[in-house]
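# Observations on chain architecture
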Amino acid sequence: MTKLIEQAYDIAKHRYAALGVDVEQVMAQLDRIPVSIHCWQGDDVRGFEDPHGQLTGGIQATGNYPGRARNAHELRADLEKALSLIPGLKRLNLHAIYLESETPVARDAIEPEHFSAWMAWAKSHQLALDFNPSCFSHALSADGFTLAHSDPGVRQFWIDHCKASRRISAWFGEQQGSASVMNIWVPDGMKDLTVDRLAPRQRLASALDEVLSEPLPITQHIDAIESKLFGIGAESYTVGSSEFCLGYAASRQIALTLDAGHFHPTEVISDKISAAMLYVPRLLLHVSRPVRWDSDHVVLLDDETQAITCEIARNNLFDRVHIGLDFFDASINRIAAWVIGTRNAKKALLRALLEPSAELRKLEQQGDYTARLALLEEQKSLPWQAVWEAWCLRHDVPADASWLSEVRHYEHHSLRQR
């Protein structure tokens, strides 16, 4: 099998070289591009604050596949299995609700020590960590408002939670020598007709200003803000809309988060990347798959995933765009979901880097749109799979679907024993 893969790879190198693409350089570049894997796929976004807590804030994880991680030990073990089957550079994205403490800790009082085990584990696996405040599934978010709450006391609680989260994120960055990207998303909004849409947005902007008031080194911590179109319980009005978050990120010069599921079904974030990059210093992408709405299905190697990565590669935005994943499916094996989704994101990145962009750009500038279309379509049939399989071999992970047997074995001996 290895010999066949190597032979196919040699053929692929020559095919791509004919179009001016150096495959070895592409693989070396792909080695340097991390994908931040979200921890919450492994436990259905439950976290470790309250084992009996209920999801709120428009978040749902449907299904009851056996083996959900119930604690940090199980979640890290599941992540280790998934990571062993995914090639290339990875990061891990944590939410604040994944803290570890022998006694209950209020969210506005979380500290780096509550994530020290995660940091030790990440270092042992050569991973960097990213972070998120958790402004949902809490008694003080039950009425649908957090940072935009009309009650100053409730609003201050969430401000302090986000401040504490920023300090933890900066500590991650200091410990790992790589800036932690911290994404702020709030579920604030209303289910039905809303009379005053301005005041909550004024409160949200003011609250975010207070959250960001403490200067933190950009080498350790990167702030990002994420919009949403709507959520369950906020169908009619979302405070942190796309326009609000783009305006806020541009005016405060922080990163803007674009989630593939947070827009109207006829919108795609691939088209928003180049526009937003003119006004914000960085983007954080949450690569996901909406099905009719923001349902966070496992990432496929579909047209939009490919378009997102092509947009980054064609404009060489890898130093300004941070790629993360955001999906949670409790109806299938959760480890398999991680592996499928992350491998697909990596495949899309590889295909984007293998695209003969220089030649395509030249044809476009010359006005030869016929040749541009022809080459765009013909290059889809080039043997990128051979390059993928060779790259997997170099990272000592399965090059084909044989990884599923490892997941099945793990499921039988671990997940189904829980």
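Residues numbered from 1 in each chain as written. Predicted model: local features only at pLDDT ≥ 70, side-chain atom pairs only at ≥ 80, totals over all residues. Heavy atoms only, no water.

Taken as a whole and judged by the stated rule, the model has 22 salt bridges. Across the pair E411 and R408 runs a salt bridge whose closest N-O atoms are separated by 3.4 Å. Pair noted here: E411 and R408 are both in helix α14 (residues 403–413), with a separation of 3 residues, about one helical turn. Here R408 falls in the partly exposed class, since its relative accessible area comes to 46%. One salt bridge in this structure joins R416 and E411, with 2.8 Å as the shortest N-O distance. Overall, E411 belongs to the buried group, its relative accessible area being 4%. If you follow the salt bridges from partner to partner, you end up with R70, E74, D78 and R418 in one network. (Salt bridge = Lys/Arg side-chain N within 4 Å of Asp/Glu carboxyl O. Helix = DSSP H or I, 4+ residues; strand = E, 2+ residues; numbered from the N terminus. Buried < 20%, exposed > 50% of the residue type's maximum accessible area, 1.4 Å probe, protein only.)

Turning to helix α4 (residues 116–124), a few remarks are in order. Every α-helix carries 3.6 residues per turn, so stepping three or four residues along brings you back to the same face. Turning to α4, its buried residues number three or more, namely W118, M119, W121 and A122. Viewed along the axis of α4, the buried residues span an arc of 165 degrees, placing them on a single side of the element. Looking at the packing, one finds that the buried side of α4 touches α3 (72–83), β2 (90–95), β3 (128–132) and α5 (152–176). Once α4 ends, the next one or two residues include Q126, with phi positive near 55 degrees. (Arc of directions from axis to C-beta. Contact = heavy atoms within 4.5 Å.)

Leftover empty space is mapped by rolling, across the atoms, a probe with the size of a water molecule. Counted under the stated rule, the structure contains 3 cavities of 30 Å³ or more. The volume enclosed by the largest cavity comes to roughly 50 Å³. Surrounding the largest cavity, S36, N93, D130, F131, N132, V181, N183, L284, H286 and G324 form its lining. Of all the secondary structure elements, the ones that give two or more residues to the lining of the largest cavity are β3, β4 (180–184) and β9 (283–287). It is β3 that contributes the most residues to the lining of the largest cavity, 3 residues altogether. A per-class count over the lining of the largest cavity returns 3 nonpolar, 6 polar and 1 charged. Looking at the second largest cavity, its volume works out to about 40 Å³. Lining the second largest cavity, in full, are I184, W185, V186, L204, L208, I225, E226, G240 and C245. Sorting the residues of the lining of the second largest cavity by element identifies α6 (198–211) and β6 (221–226) as the ones contributing at least two each. (1 Å grid on protein atoms, 1.4 Å probe; cavity = no way out; pocket = protein on both sides within 12 Å on 5 of 7 lines; lining within 4 Å. Points joined across faces, edges and corners; volume = space filled by probe spheres on them. Nonpolar A, V, L, I, M, F, W, Y, C, P; charged D, E, K, R; others polar.)

Packing of helix α1 (residues 2–17) against helix α13 (residues 384–394) leaves a shortest axis separation of 8 Å and a crossing angle of 130 degrees. Between α1 and α13, the interaxial angle falls into the category oblique. Judged by the twist between their axes, the crossing of α1 over α13 is left-handed. Residue-level contacts link T2, I5, A8, Y9, A12 and Y16 of α1 to W384, A386, V387, E389, A390, L393 and R394 of α13. Each residue belonging to the contact of α1 with α13 can be placed in one class, and the counts come to 10 nonpolar, 1 polar and 2 charged. (Axes fitted to C-alpha atoms, helices over the stretch in contact; angles between N-to-C directions. Parallel < 35°, antiparallel > 145°, perpendicular 65-115°, else oblique. Left-handed = near helix turned anticlockwise from the far one by under 90°.)

This structure, assessed with the given rule, holds 11 aromatic pairs. Relative to W121, the ring of W118 has its centre 5.8 Å away and its plane inclined at 90 degrees; by these criteria the two rings are edge-to-face. Of this pair, W118 and W121 both sit in helix α4, 3 residues apart, which is roughly one turn of the helix. Residue classification places W118 among the buried positions, given a relative accessible area of 0%. When the ring of F136 is compared with that of W185, the centres are 6.2 Å apart and the planes differ by 50 degrees; the resulting orientation is tilted. Within this pair, whereas F136 is found in the loop between β3 and α5, its partner W185 is found in the loop between β4 and β5 (189–190), the two being separated by 49 residues in sequence. On the basis of relative accessible area, F136 is assigned to the buried category, the value being 2%. (Phe/Tyr/Trp six-rings, centres within 6.5 Å; stacked < 30°, edge-to-face > 60°.)

Here we take up unusual backbone geometry. In this structure, V45 is a non-glycine residue whose phi angle is positive, near 65 degrees. Looking at the secondary structure, you find V45 in the loop between β1 (35–38) and α3. Located in the positive-phi region is N316, a residue other than glycine, with phi close to 50 degrees. Among the secondary structure elements, N316 is positioned in the loop between α9 (303–314) and β10 (321–325). Residue classification places N316 among the exposed residues on the basis of a relative accessible area of 53%.

Moving on: the environment of V298. Among the secondary structure elements, V298 is positioned in the loop between β9 and α9. For V298 and K123, which are 175 residues apart along the polypeptide, the C-alpha to C-alpha distance reads 27 Å.

With that settled, consider the UniProt feature "binding site: Mn(2+)" (unreviewed entry) in the protein chain. According to UniProt, the "binding site: Mn(2+)" (unreviewed entry) feature falls on H262, D294 and D296. For the residues just named, distributed over 35 residues, the greatest C-alpha separation is only 9.6 Å, placing them together at one site. Tracing the chain through its elements places H262 in the loop between β8 (255–259) and α8 (270–277). Of note is the side chain of H262, whose polar atom sits 3.3 Å from the side chain of E226. With respect to the helices and strands, the residue D296 is situated in the loop between β9 and α9. Here D296 is in contact with D259, S288, R289, D326, F327 and F328, once residues within four sequence places are set aside. (UniProt positions renumbered as here; feature names shortened; annotations may be inferred. Polar contact = N/O pair within 3.5 Å; in protein donor to acceptor, adjacent residues only side chain to side chain.)

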